[in-house]
Structures are given as C-alpha cells and as structure tokens.
Amino acid sequence: MKFFVDTAEVDQIAELNDLGMVDGVTTNPSLILKSGRDILEVTKEIAEMVDGPVSAEVVALEADAMIEEGRKLAKIADNIAVKVPLTWAGLKACNVLSGEGNMVNVTLCFSANQALLAAKAGATFISPFIGRLDDINLDGMELISDIRQIYDNYGYDTQILAASIRTVNHAYQAAMIGADVMTAPPGVIKKMAEHPLTDAGLATFMKDWAKTGQKIV
Ligand code: E4P
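As the structure is a prediction and not an experimental result, all values here were calculated from the model.

Caption draft 1: The arrangement of the overall build of the chain in detail. A tally of helices and strands in the chain yields 11 helices and eight strands. Over its C-alpha atoms, taken along the principal directions, the chain stretches across nearly 70 × 40 × 30 Å. Expressed as a percentage of the 217 residues in the chain, the buried residues total 46%. Sequence separation of at least 24 residues holds for 57% of the intrachain contacts in the chain that already meet a minimum separation of 6. A total of about 11600 Å² of accessible surface is found on the chain, and carbon and sulfur atoms cover 54% of it.

If you want it as structure tokens, here you go:
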C-alpha cells in the first residue's frame, strides 16, 4: 500500500519522508489555507522534496477554467497530480488533462457510481472520502470495498486513494480491503506505530537490562 501524506506542512512531510514513509502528498484548498503558504510556492517545494505524486487542486468550477488551472499546476513539476472535483465539469477536465499525459486525482468521491465515471474519464487516482461519510453515519469502508470490486470486475487501472482517513482503524481497514493508496494526516501515520503492549514490553526490557549492568556500545 502506498502512503500519501495529507498536508501542506513542509516540515511534517520532511519528517516522514526522511523515514521513507512518503510515497506522495495530497493537498486541498483547506490545507493550503492552513499552511498559510502560496499554493504555487509550497507545491513546488513539496514536489521537489518528494519523489511520488503531489496532488494540487484546481479551484475553478467550469471545465475550461479547470483545465487552464490544471495545466498551470502541472507545469510546477513532473510529479504533480492535478486534483479535480467529482462533478461533470471535473470529469471533463479529467478527460482532457489525462489525455494530455497528466496524472489526475478525482476528489470528493462519495459513491461507487462516481468512482466508475472517474475511471472512465481516465483518472489516475479516485479519492473516496471515508471520514466524511462516517461523519454522517454512512459506511466509508463499504464504499472503498464497492469501488475495489467494480474496478477489479472491469480491470480499470485507476488507483483507489482512500482519503479523509481520520483514524488508525481507517488505515487498517482500507489496507485490508485493498485500497491502492491511503492519504492520511501525519499524526495518523505516526499513531500507526503505537501499541500499549509495545510500550509495556519495552519498559520491562529496559528495567531488566539495567539490572544486568551491561552495555552494548
Ligand atoms: C484528500 O485528498 C483530502 O485532502 C483529505 O483526505 C480530506 O480529509 P478530511 O475529510 O479529513 O478533510
């Protein structure tokens, strides 16, 4: 499973990237706002740091304007994935931009039918938003599972990018279902390393080791 980091905070991306945990990055207008950075500048900085795809989102609502923005974002670096919303205009922009050889991430996906349309429009990534479905008492994981089955039924190579991951359990379930990628905030990725039995076991080992009086180096 590929790990994308869902943030525009350069320091946090760098910390995980140094551990080899980062296969890509996703941003959106809200994350750009949170970073306080200029979208073109921060996207360039991230794209230079990370080897994999860096999603940068268009903000126009009409297809032609989305395509124009997408072309500009794609020029930032070779590893930019242009992010477009799952609307008819977004699907049109996806079709044109992917036809021009760009990676396209179709975002704000909340149904299997939307995901099917994105695959037909040539999306590189489809981003179903798990957490936001859970927020309204729907099952985000069921959506990931349905998309997995539909894409496998027909051999679509659009990658399922499980997004809006809020918990370590979301990460686990998306991996079990076979999402190709997950994008999660840095805090969730770091939390995946935690287990109370690991902490307890380590504390016991340290206590016993101290009693031996030995040193390794
Ligand atoms: C994905 O690309 C989005 O940026 C992100 O996962 C949205 O997550 P949220 O619902 O927690 O804002």
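Caption draft 2: Spotlight on a negative patch on the surface. A cluster of acidic residues, D134, D139, E142 and D146, forms a negative patch on the protein surface. Position of D134 relative to the elements: it lies in helix α7 (residues 130-135).

Caption draft 3: Focus on the packing of aromatic side chains. Tallied over the full model, the rule gives four aromatic pairs. Seen in terms of ring centroids, F110 and F129 are 5.7 Å apart; in terms of plane orientation they differ by 65°. Their pairing is edge-to-face. Separated by 19 residues along the polypeptide, F110 in the loop between β5 (103-109) and α6 (112-120) and F129 in the loop between β6 (125-128) and α7 bring together distant segments of the chain. Look at F110 and you get partly exposed, because its relative accessible area is 32%. Residue classification places F129 among the buried positions, given a relative accessible area of 8%. Ring pairs connect the aromatic residues Y151, Y154 and Y156, which therefore count as one cluster.

What counts as what
Residues numbered from 1 in each chain as written. Predicted model: local features only at pLDDT ≥ 70, side-chain atom pairs only at ≥ 80, totals over all residues. Heavy atoms only, no water. Helix = DSSP H or I, 4+ residues; strand = E, 2+ residues; numbered from the N terminus. Buried < 20%, exposed > 50% of the residue type's maximum accessible area, 1.4 Å probe, protein only. Contact = heavy atoms within 4.5 Å. Areas by Shrake-Rupley, 256 points an atom, 1.4 Å probe, with all protein chains shown as cover. Patch = residues over 30% accessible without salt bridge, like charges linked within 9 Å, V, L, I, M, F, W, Y side chains within 5 Å. Salt bridge = Lys/Arg side-chain N within 4 Å of Asp/Glu carboxyl O. Lys, Arg positive; Asp, Glu negative; His and termini not counted. Charge placed at Lys NZ, Arg CZ, Asp CG, Glu CD. Phe/Tyr/Trp six-rings, centres within 6.5 Å; stacked < 30°, edge-to-face > 60°.

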